[in-house]
Amino acid sequence: MTTPPALLIAGHGTRDDAGAEAFRDFVRELGRRHPDLPVAGGFIELSPPPLGDAVTELVQQGVRRFAAVPLMLVSAGHAKGDIPAALAREKERHPGISYTYGRPLGPHPSLLNVLERRLEAVLGDWDRAEVTVLLVGRGSTDPDANAEVHKAARLLWEGRGYAGVETAFVSLAAPDVPSGLDRCAKLGAKKVVVLPYFLFTGILPDRVKAQTEEWAAARPDVAVASAEVIGPEPELLDLVMERYEEAVKGDLRMNCDSCVYRIALPGFEDKVGLPQQPHFHPDDDGHHHHHGHHHGAHGAHSHAH
């Protein structure tokens with residue numbers, strides 16, 4: 001039997017020692033859970049070990065094939081550029097190795113469930129219908145990465161009964177945390193939970209909390225609570241393995257994670273497994289509406305939805 005490709009976990013890196021240690025712990029836990037699989041992890045910047053050291057460690061164990069999974073919620077510059085560049089460099093350093101590259105974690109339903117637990121932990125006796133959530137992402141100069149945080153916010157809002165889910169960013173992108181909270185207040189929110197969209201503790205999640213407390217102190221008319229980061233939950237461990245399996249099989253799909261026909265999303269459970277019928281818009285040419293004129297010209301159109 002051939003050994004499976006090693007799992008290489010790529011992290012952002014943080015100047016926060018506790019955050020870096022949380023990542024290293026997480027990698028060790030993955031290794032413990034999958035003793036038959038060589039597992040190592042490293043960072044792109046800011047904290048040890050660098051990704052290159054993790055590759056070297058595995059190569060020294062005789063590993064030749066890797067599947068790299070970015071331990072990141074959104075696909076920004078790191079996932080799109082830095083990690084592939086680092087992997088290409090390692091390939092030059094270690095002739096004979098090959099790798100596949102998995103996709104970032106994204107707003108997977110299992111992580112949305114963890115976020116919901118983080119909210120539940122601070123709601124107390126607050127009624128969800130009165131609570132506005134402010135989901136705070138890392139922030140990027142990449143508009144696509146910022147859009148991913150909005151997607152997570154929307155998926156968190158769907159079917160869960162919160163008054164609303166707004167979005168803000170802690171760095172590089174607007175609105176920042178105080179502006180995001182201002183927006184919630186302008187929308188009439190009286191109860192706000194600030195939810196950091198981060199995997200582990202670190203300087204940026206700490207900054208989110210500090211800015212939230214500062215804003216709340218100046219706005220006694222709005223009740224504000226801060227929720228915790230996602231953390232090394234079983235769902236996160238399972239999702240990394242899901243991304244690993246996809247990378248190994250080369251099964252990089254479209255956004256099936258949050259597809260209502262595949263996954264039971266809150267309030268839409270009845271859609272799972274429904275057969276997909278072709279559907280026609282009233283304005284479409286080519287279906288059987290009888291206007292009694294030039295029908296034949298359009299009758300042969302097919303719909304490739």
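Residues numbered from 1 in each chain as written. Predicted model: local features only at pLDDT ≥ 70, side-chain atom pairs only at ≥ 80, totals over all residues. Heavy atoms only, no water.

Caption draft 1: Examining the sheet that holds strand β1 (residues 6-11) more closely. Across the sheet, which stays open at both edges, the 4 strands sit in the order β2-β1-β3-β4 with parallel pairing between neighbours. Both edges of this open sheet fall to β2 (39-43) and β4 (98-101), since each of them pairs with a single strand only. For this sheet the average axis-to-axis angle between neighbouring strands, irrespective of direction, equals 25°. Along the sheet, helix α2 (residues 51-60) contacts β1, β2 and β3 (65-70); its crossing angle with β2, the most-contacted strand, is approximately 160°. Along the sheet, helix α8 (residues 234-249) contacts β1, β3 and β4; its crossing angle with β3, the most-contacted strand, is approximately 135°. (Pairing = 2+ DSSP bridges. Helix = DSSP H or I, 4+ residues; strand = E, 2+ residues; numbered from the N terminus. Axes fitted to C-alpha atoms, helices over the stretch in contact; angles between N-to-C directions. Contact = heavy atoms within 4.5 Å.)

Caption draft 2: Molecular detail of the sheet that holds strand β6 (residues 164-169). Spatially, the 4 strands line up as an open sheet ordered β6-β5-β7-β8, and their pairing is parallel. Looking at strand neighbours, the two that pair on one side only are β6 and β8 (223-226), the edges of this open sheet. If you compare each strand with its neighbour and ignore which way they point, the axes differ by 25° on average. For strand β7 (residues 191-196) and β8, the ladder comprises 4 bridges, and the chain directions are parallel. Residue pairing for β8: Val194 is matched across the bridge by Ser226. Against the sheet, helix α4 (residues 109-123) makes contact with β5 (131-137), β7 and β8, and its axis sits at roughly 140° relative to β7, the strand it touches most.

Caption draft 3: Focus on α8. With 16 residues, α8 extends 23 Å from end C-alpha to end C-alpha; this agrees with the ideal 22 Å at 1.5 Å per step. For α8, the full list of buried residues reads Glu235, Leu236, Leu237, Leu239, Val240, Met241, Arg243, Tyr244, Glu246 and Ala247. As for α8, its buried residues are in contact with β1, α1 (17-33), β3, β4 and α4. Positioned one or two residues after α8, Gly250 has a phi angle of 70°, which is positive. (Expected span 1.5 Å × (residues − 1). Buried < 20%, exposed > 50% of the residue type's maximum accessible area, 1.4 Å probe, protein only.)

Caption draft 4: Expanded view of unusual backbone geometry. Looking along the chain, the bond that leaves Pro48 and enters Pro49 is cis, with omega of -5°. Structurally, Pro49 can be placed in the loop between β2 and α2. A cis amide bond links Ala174 to the next residue, Pro175, at an omega of -5°. For Pro175, the position within the fold is in the loop between β6 and α6 (177-186). Residues other than glycine seldom take positive phi values, yet Leu46 does so here, at roughly 70°. For Leu46, the position within the fold is in the loop between β2 and α2. According to the relative accessible area criterion, Leu46 is partly exposed, its value standing at 43%. Phi angles above zero are rare outside glycine, and Leu172 is one such case at about 65°.

Caption draft 5: Quick look at the packing of α4 against α8. Between α4 and α8, whose axes approach to 9 Å, the crossing angle comes to 165°. Classified by the angle their axes make, α4 and α8 are roughly antiparallel. By crossing handedness, the relation of α4 to α8 is classed as left-handed. Contact with α4, carried on its side by Ser110, Leu111, Val114 and Arg117, involves Glu235, Leu236 and Leu239 of α8 and no other residues of that element. Class assignment of the residues belonging to the contact of α4 with α8 gives a composition of 4 nonpolar, 1 polar and 2 charged. (Parallel < 35°, antiparallel > 145°, perpendicular 65-115°, else oblique. Left-handed = near helix turned anticlockwise from the far one by under 90°. Nonpolar A, V, L, I, M, F, W, Y, C, P; charged D, E, K, R; others polar.)

Caption draft 6: Local environment of the pattern of salt bridges. Tallying each qualifying case throughout the model produces 20 salt bridges. A salt bridge links Arg93 to Glu90; the shortest N-O distance between them is 2.8 Å. Highlighted residues: Arg93 and Glu90, both in helix α3 (residues 77-93), separated by 3 residues, approximately one helical turn. As a salt-bridge pair, Glu130 and Lys191 come within 2.7 Å of each other at their nearest N and O atoms. On the criterion of sequence distance, the pair formed by Glu130 in the loop between α4 and β5 and Lys191 in strand β7 is long-range, its members being 61 residues apart. The exposure class assigned to Lys191 is partly exposed, which follows from its relative accessible area of 21%. Taken together, the salt bridges that share partners define one network made up of Glu21, Arg24, Asp25 and Arg28. (Salt bridge = Lys/Arg side-chain N within 4 Å of Asp/Glu carboxyl O.)

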